[in-house]
Amino acid sequence: MQCIYLNADGTLTPTSETLEQCSGYVLVPSHDAAAYVESIQITALEVGSAFTWAFALIITLGFLSFKVKASRMVINKL
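Residues numbered from 1 in each chain as written. Predicted model: local features only at pLDDT ≥ 70, side-chain atom pairs only at ≥ 80, totals over all residues. Heavy atoms only, no water.

### Observations regarding the overall build of the protein chain
When its secondary structure is counted, the protein chain shows two helices and three strands. Secondary structure elements of the protein chain occur, N-terminal to C-terminal, as β-β-β-α-α. For 78 residues, the compact-globule formula gives about 12 Å, and the C-alpha radius of gyration of the protein chain, at 28 Å, lies well above that figure. Structurally, the protein chain occupies a C-alpha span of about 85 × 25 × 20 Å along its principal axes. Taking all 78 residues of the protein chain together, the buried fraction comes to 4%. Pairs at least 24 residues apart make up 17% of the contacts formed inside the protein chain by residues separated by at least 6 positions. Of the charged side chains in the protein chain, 4 are positive and 6 negative; the average position of the first set lies 58 Å away from that of the second. (Helix = DSSP H or I, 4+ residues; strand = E, 2+ residues; numbered from the N terminus. Rg over C-alpha atoms; globule rule 2.2 N^0.38 Å. Buried < 20%, exposed > 50% of the residue type's maximum accessible area, 1.4 Å probe, protein only. Contact = heavy atoms within 4.5 Å. Lys, Arg positive; Asp, Glu negative; His and termini not counted. Charge placed at Lys NZ, Arg CZ, Asp CG, Glu CD.)

Now the structure itself:
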């Protein structure tokens, strides 16, 4: 990675500053940039998986609440 500054005329000036000292822009290799973009993209498979888990959780909680209600009615009749 290299620290660069953008000049007023649109040109770039590379510097020898460390990453911690850099107050301009940092150039990264293309494979690092590609890995970053890939890590933050959401795929259709991930969306489908999240929807499936949420739907299953809602159905499960609804079923459990029905069982609790039925159990309370049985207990109250005794």
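There's more to say after this.
### Focus on the pairing of strand β1 (residues 2-6)
Relative to strand β3 (residues 25-27), β1 is paired through three bridges, and the arrangement is antiparallel. Each bridged residue has a counterpart across the sheet, and for Gln-2 the counterpart in β3 is Leu-27. What sits between the antiparallel neighbours β1 and strand β2 (residues 12-14) is a turn of five residues, in which Gly-10 has the positive phi angle 95 degrees. (Pairing = 2+ DSSP bridges.)

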